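An overview of the molecular structure
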Amino acid sequence: MKRIYAVFFLALVASSSLMAQELPYQDRGRSALERAEDLVGRLTLEEKTSLMMFESRPVERLAVKSYNWWNEALHGVARNGAATTYPQPIGMAASFDAPLLYEVFKAVSDEAHVKYRIARDGGENLQYQGLTFWTPNINIFRDPRWGRGMETYGEDPYLTGQLGMEVVRGLQGMGNASVEADPGDPSSPVLKAHACAKHFAVHSGPESTRHKDDVDVSERDLRETYLPAFKDLVTKAGVQEVMTAYQRFRGYPCGASDYLVNTILRGEWGYKGLITSDCWAVDDFFMPGRHGFSRDGASAAAAAVRNGVDTECGEAYRFIPEAVSRGLLDEADVDRNLVRLMTARFQLGEMDGETPWDNLPDGIVEGAAHRALARRMASESLVLLRNEDGVLPLRPTDRIALIGPNYDDRQMQWGNYEPRPEGTITLRNAMEVRVPGLTHFRACGLVDSRFAPEDGGDPAIFAPALGEEELLSRLEGIDIVVFAGGISPKLEGEEMPVRIQGFSGGDRTDLELPEVQRNMLKLLHRSGKKVVLVNFSGSAMSLVPETESCDAILQVWYPGQEGGAAIADVLFGDVCPSGKLPVTFYKSIDDLPDFRNYDMAGRTYRFFTGETLFPFGYGLSYTDFRYGKGEIEADSIMIPVTNAGSRSATEVVQLYVRRPSDTEGPQKTLRGFRRVFIPAGETVKVYLPLTDETFTWWSSEAGDMVPLRGAFELLYGPDSEHLESLSIER
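Residues numbered from 1 in each chain as written. Predicted model: local features only at pLDDT ≥ 70, side-chain atom pairs only at ≥ 80, totals over all residues. Heavy atoms only, no water.

**Quick word on the overall build of the protein chain**
For the protein chain, the count of helices and strands is 21 helices and 27 strands. Expected size for 730 residues packed as a compact globule is a radius of gyration near 27 Å; at 27 Å, the protein chain falls within 12% of this value. Summarising its shape, the C-alpha atoms of the protein chain cover approximately 105 × 65 × 50 Å along the three principal directions. Counting only residues that meet the buried cut, the protein chain has 63% of its 730 residues in that class. Considering only residue pairs separated by 6 or more positions, the protein chain has 74% of its internal contacts joining residues 24 or more positions apart. Taking the 77 positively charged and 106 negatively charged side chains of the protein chain as two groups, their mean positions are separated by 2 Å. (Helix = DSSP H or I, 4+ residues; strand = E, 2+ residues; numbered from the N terminus. Rg over C-alpha atoms; globule rule 2.2 N^0.38 Å. Buried < 20%, exposed > 50% of the residue type's maximum accessible area, 1.4 Å probe, protein only. Contact = heavy atoms within 4.5 Å. Lys, Arg positive; Asp, Glu negative; His and termini not counted. Charge placed at Lys NZ, Arg CZ, Asp CG, Glu CD.)

Right, dumping it as structure tokens:
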């Protein structure tokens with residue numbers, strides 16, 4: 001017996017001695033890949049499985065900590081206490097300001113690191129505390145009914161790609177061509193954070209059928225519209241993660257699509273980064289009533305792992321050991337995926353417990369500099385759609401009232417996937433500062449009170465409308481009514497339980513302003529009041545009657561915590577509006593094809609042939625810009641733009657391209673833009689580069705988008721409809 005104890009003691013000593021020595025995966029002098037390969041080689045299959053789940057559990061015998069891959073930063077660090085809240089992405093897209101978007105997401109990344117450090121040093125590693133952010137959403141907002149369209153950067157592939165790349169560069173700390181990179185950052189072996197391009201691919205509603213839909217589009221639509229932004233983020237911006245979408249594509253769940261993942265993403269584009277599933281999307285492979293692609297959980301897990309989905313947001317990967325034991329999955333596929341995951345954890349500095357950004361001060365979180373940045377971005381996102389007889393900007397002598405369901409709703413301003421800032425300036429807050437004794441009240445809910453639940457529901461949504469006599473009595477002596485209306489992320493968004501007139505499951509069933517608001521605006525107009533509609537929404541709206549009942553319309557999206565201040569800045573003329581629509585505003589839902597049809601024919605400014613209400617790229621100013629004759633100079637087009645008004649302001653100059661010989665392609669497509677400040681009375685020569693990318697077009701011979709020779713038209717101007725033309729042969 002003594003001999004047995006002696007042998008056991010010696011083995012224990014040997015084991016302790018081995019752990020005391022630095023193992024290769026613990027050697028910081030080795031590359032992240034070398035360390036990951038060594039670590040994975042020491043793991044059991046069960047340990048490997050646990051590390052591939054989004055809630056990666058610790059492997060204590062090897063001192064591997066837990067890590068949660070799921071974090072959100074759509075427009076600020078979300079779901080983790082207070083953080084600076086920027087406008088919803090669809091609003092930031094309206095700025096057409098790529099350098100500013102980089103600054104926003106650099107600030108977001110800084111705040112994220114502070115929160116990560118605090119959690120890490122406190123011994124926590126919970127959901128929404130890590131450095132891997134499942135943003136940006138770069139799907140194409142092809143149909144305004146889609147509830148999640150507000151998470152995107154609009155309907156245009158080029159704009160989405162240009163802005164999406166700045167999100168990636170800002171979050172990951174990689175710098176960009178127009179903004180000085182983070183000091184010490186690009187050359188560091190440690191990445192600041194991960195961005196994630198989602199949802200790959202061809203994904204944009206409906207929300208209610210996303211778990212069972214099978215989407216098919218032509219190869220041209222796929223590569224001309226749905227893939228370019230993903231390609232930009234992968235091949236130009238170095239995005240570190242890609243998330244596969246819920247639905248099937250040509251019969252295969254996106255996470256199991258060899259064509260999307262291996263032929264295109266990892267093959268043609270050479271992507272080396274991580275792939276994650278959307279949340280519980282692998283369950284959709286086999287759950288009854290969904291895709292019916294796999295017979296059970298083990299088969300579903302095997303299909304996703306084999307296809308290269310490295311981590312799963314969900315629980316289906318718990319079946320990995322069963323899949324291996326049944327011969328459905330080779331453990332070598334598990335190792336390949338897990339090496340990618342562990343390489344990333346080493347690159348983030350997470351495995352070593354320190355990063356180069358650990359000294360960022362706590363005070364930057366929702367600090368003065370970041371709030372100023374949020375206000376600037378909100379100001380640039382506002383789009384002036386109508387300004388009859390120059391009712392805006394408001395004058396000090398105007399007798400003004402503020403009413404409407406969104407007049408004082410901070411939560412609405414935050415949008416979805418939102419942070420929860422400690423300080424928010426609503427429109428009421430901002431206008432009370434400017435107008436002593438301001439008359440303000442709700443007047444009505446977002447929708448008719450007859451749709452309210454038994455308990456009355458949220459007053460911002462269901463408050464009963466005031467009668468005509470009471471309304472006009474409370475507005476006696478008022479000249480101008482600012483009506484804060486529109487809709488709300490409480491009505492549109494991701495897979496919601498909402499089922500009332502105009503809204504279903506997060507999507508919209510019509511594009512109109514809710515009837516109760518429409519009727520109130522008509523009443524105000526009939527009473528002789530000047531009416532300024534401040535329209536909050538995350539999507540395009542059909543505002544045809546409002547162009548008659550409202551003297552001015554300002555589209556403000558969901559503008560974030562500084563939104564009220566930014567709106568007041570524009571209403572009172574401190575800031576000249578410069579935002580441009582990143583989506584088309586249609587006259588009616590009847591102008592649109594079937595929501596579930598993903599063919600691009602008849603959709604967006606690129607293929608819609610009807611008459612729009614407000615076109616893509618549209619936005620008025622408080623001054624008058626005039627475009628001169630463009631000229632080709634070397635490898636650029638020079639566009640002279642004159643500010644013929646009395647106040648200095650910023651214009652977004654836009655360049656579109658058309659290929660006259662292509663009768664099946666887009667009638668025009670954005671290929672360049674630039675924000676330009678132009679002093680009053682002056683002319684500025686604006687140069688936009690002409691490169692191979694400018695003339696990249698669909699080639700049936702190549703089966704892809706490639707630079708083409710031949711005749712093109714260069715179309716330039718203030719929006720997608722009011723354009724000057726210049727022919728070019730290349």
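Now that the structure has been shown, we can carry on.
**Remarks on helix α2 (residues 32–40)**
If you check which residues of α2 are buried, you get Ala 32, Arg 35, Ala 36, Asp 38, Leu 39 and Val 40. Where α2 is buried, its residues meet α3 (45–52) and α12 (331–347).

**Concerning the confidence of the model for the protein chain**
Looking at the protein chain as a whole, its pLDDT mean stands at 95, while 95% of the residues score no less than 70. Per-element confidence in the protein chain is highest for strand β17 (residues 552–555), whose mean pLDDT is 99, and lowest for helix α1 (residues 2–20), whose mean pLDDT is 46. Here residues 1–18 is modelled with pLDDT under 50, and outside its nearest four sequence neighbours on either side it reaches 1 contact, counting other chains as well. Under a pLDDT of 50 for its full length, residues 176–187 has, in the predicted model, 22 contacts with residues more than four places off or in other chains. (pLDDT = per-residue confidence, 0-100.)

**Regarding the packing of helix α15 (residues 427–434) against helix α20 (residues 563–571)**
When two helices pack together, their arrangement is captured by the angle between the axes and the distance separating the axes. For the pair α15 and α20, the least separation of the axes is 7 Å and the interaxial angle reads 45°. Overall, the two elements α15 and α20 adopt an arrangement that is oblique. Classified by chirality, the crossing of α20 by α15 is right-handed. Of the residues in α20, those touching α15 at Leu 427, Ala 430, Met 431 and Arg 434 are Gly 564, Ala 565, Ile 567, Ala 568, Asp 569 and Leu 571. Counted by class, the contact of α15 with α20 contains 7 nonpolar, 1 polar and 2 charged residues. (Axes fitted to C-alpha atoms, helices over the stretch in contact; angles between N-to-C directions. Parallel < 35°, antiparallel > 145°, perpendicular 65-115°, else oblique. Left-handed = near helix turned anticlockwise from the far one by under 90°. Nonpolar A, V, L, I, M, F, W, Y, C, P; charged D, E, K, R; others polar.)

**A look at helix α5 (residues 98–121)**
The end-to-end C-alpha distance of α5, which contains 24 residues, comes to 35 Å, matching closely the 34 Å that a straight helix rising 1.5 Å per residue would cover. The element α5 is extensively covered by neighbouring structure, given that 19 of its 24 residues are classed as buried. Measuring from the backbone nitrogen of Leu 100 back to the side-chain oxygen at the start of α5 gives 3.1 Å, which picks out Asp 97 as the cap. Looking one or two places after α5, you find Gly 123, whose phi comes out positive at around 80°. (Expected span 1.5 Å × (residues − 1). Polar contact = N/O pair within 3.5 Å; in protein donor to acceptor, adjacent residues only side chain to side chain.)

**Regarding the state of the cysteines**
The tally for this structure, following the rule as stated, stands at 1 disulfide. Across the disulfide from Cys 279 sits Cys 313; the S-S distance is 2.2 Å. Since a negative S-S torsion denotes a left-handed disulfide, the Cys 279-Cys 313 link at about 85° is right-handed. Of this pair, Cys 279 sits in the loop between β8 (274–276) and α10 (297–306) while Cys 313 is found in the loop between α10 and α11 (320–325), placing the two residues 34 residues apart along the sequence. With relative accessibility at 13%, the residue Cys 279 sits in the buried group. We note that Cys 196 lacks a disulfide partner, and the nearest cysteine sulfur, in Cys 279, lies 10 Å from it. Of all cysteine sulfurs, the one in Cys 196 lies closest to Cys 254, which takes part in no disulfide; the gap is 13 Å. Among the residues examined, Cys 254 registers a relative accessible area of 1% and is labelled buried. (Disulfide = S-S within 2.5 Å.)

**With respect to the pattern of salt bridges**
In total, this model carries 66 salt bridges according to the counting rule given. The salt bridge involving Arg 42 is made with Asp 38; its shortest N-O contact spans 2.9 Å. Here Arg 117 makes a salt bridge to Asp 362, at a shortest N to O gap of 2.6 Å. In this pair, Arg 117 sits in helix α5 while Asp 362 sits in the loop between α12 and α13 (368–381), placing the two residues 245 residues apart along the sequence. Among the residues examined, Asp 362 registers a relative accessible area of 44% and is labelled partly exposed. Among the charged side chains, a network of salt bridges with common partners joins Arg 148, Glu 151, Glu 207, Arg 210, Glu 494 and Glu 495. (Salt bridge = Lys/Arg side-chain N within 4 Å of Asp/Glu carboxyl O.)

**A short note on the packing of aromatic side chains**
Across all of its chains, the model carries 22 aromatic pairs by this definition. For the pair Tyr 67 and Trp 69, a centre-to-centre distance of 5.1 Å together with 85° between the ring planes defines the contact as edge-to-face. Of the residues examined, Tyr 67 reaches a relative accessible area of 2% and is grouped as buried. Between Trp 697 and Phe 712 the ring centres are 6.1 Å apart and the planes differ by 75°, which places this aromatic pair in the edge-to-face class. (Phe/Tyr/Trp six-rings, centres within 6.5 Å; stacked < 30°, edge-to-face > 60°.)

**Some remarks on the sheet that holds strand β3 (residues 196–200)**
The parallel open sheet is built from 3 strands, whose spatial order is β3-β5-β8. Each end of this open sheet is capped by a strand with a single partner; those strands are β3 and β8. Averaged over all adjacent pairs, the angle separating strand axes in this sheet is 25°, with direction ignored. Sheet topology note: the β3/strand β5 (residues 241–244) ladder contains 3 bridges and is parallel. What sits directly across from Phe 200, in β5, is Thr 244. Those strands touched by helix α9 (residues 258–268) are β3, β5 and β8, and its axis lies near 155° from that of β8. (Pairing = 2+ DSSP bridges.)

**What to know about the environment of Pro 666**
Here Pro 666 shows up in the loop between β21 (649–658) and β22 (669–678). Its relative accessible area of 3% is what places Pro 666 among the buried residues. Considered as a pair, Pro 666 and Phe 285 are 381 residues apart in the sequence and their alpha carbons are 35 Å apart. Those residues in contact with Pro 666, other than ones at most four positions away along the chain, are Arg 220, Glu 224, Arg 606, Phe 607 and Trp 697.

**Section: the pairing of β21**
Of all 10 residues making up β21, 9 are buried, and the element is well covered by its neighbours. Bridging between β21 and β22 involves 9 bridges; their strand directions are antiparallel. The residue of β22 that forms the bridge with Val 652 is Arg 675. The pairing of β21 with strand β26 (residues 711–717) spans 5 bridges and is classified as antiparallel. In the strand pairing of β26, Gln 654 is matched with Gly 717.

**Re the sheet that holds strand β7 (residues 252–253)**
Taken in spatial order, the 3 strands of this open sheet run β4-β6-β7, and their pairing is mixed. Since the sheet does not close on itself, it has two edges, and those belong to β4 (214–215) and β7, each with one partner. Strand direction decides the pairing type here: β4 and strand β6 (residues 248–249), joined by 2 bridges, are parallel. Looking at β6, one finds that Val 215 is bridged to Phe 249.

**Thoughts on unusual backbone geometry**
Here the residue pair Gly 205 and Pro 206 is connected by a cis peptide bond, since its omega of 0° sits within 30 degrees of zero. Examined against the element boundaries, Pro 206 turns out to sit in the loop between β3 and β4. Omega for the bond connecting Leu 392 with Pro 393 falls within 30 degrees of zero, at 0°, which places this linkage in the cis form. Checked against the element boundaries, Pro 393 lands in the loop between β9 (383–387) and β10 (400–403). For Asp 389, which is not glycine, the phi torsion reads 60° and is therefore positive. Following the sequence through the fold, Asp 389 ends up in the loop between β9 and β10.

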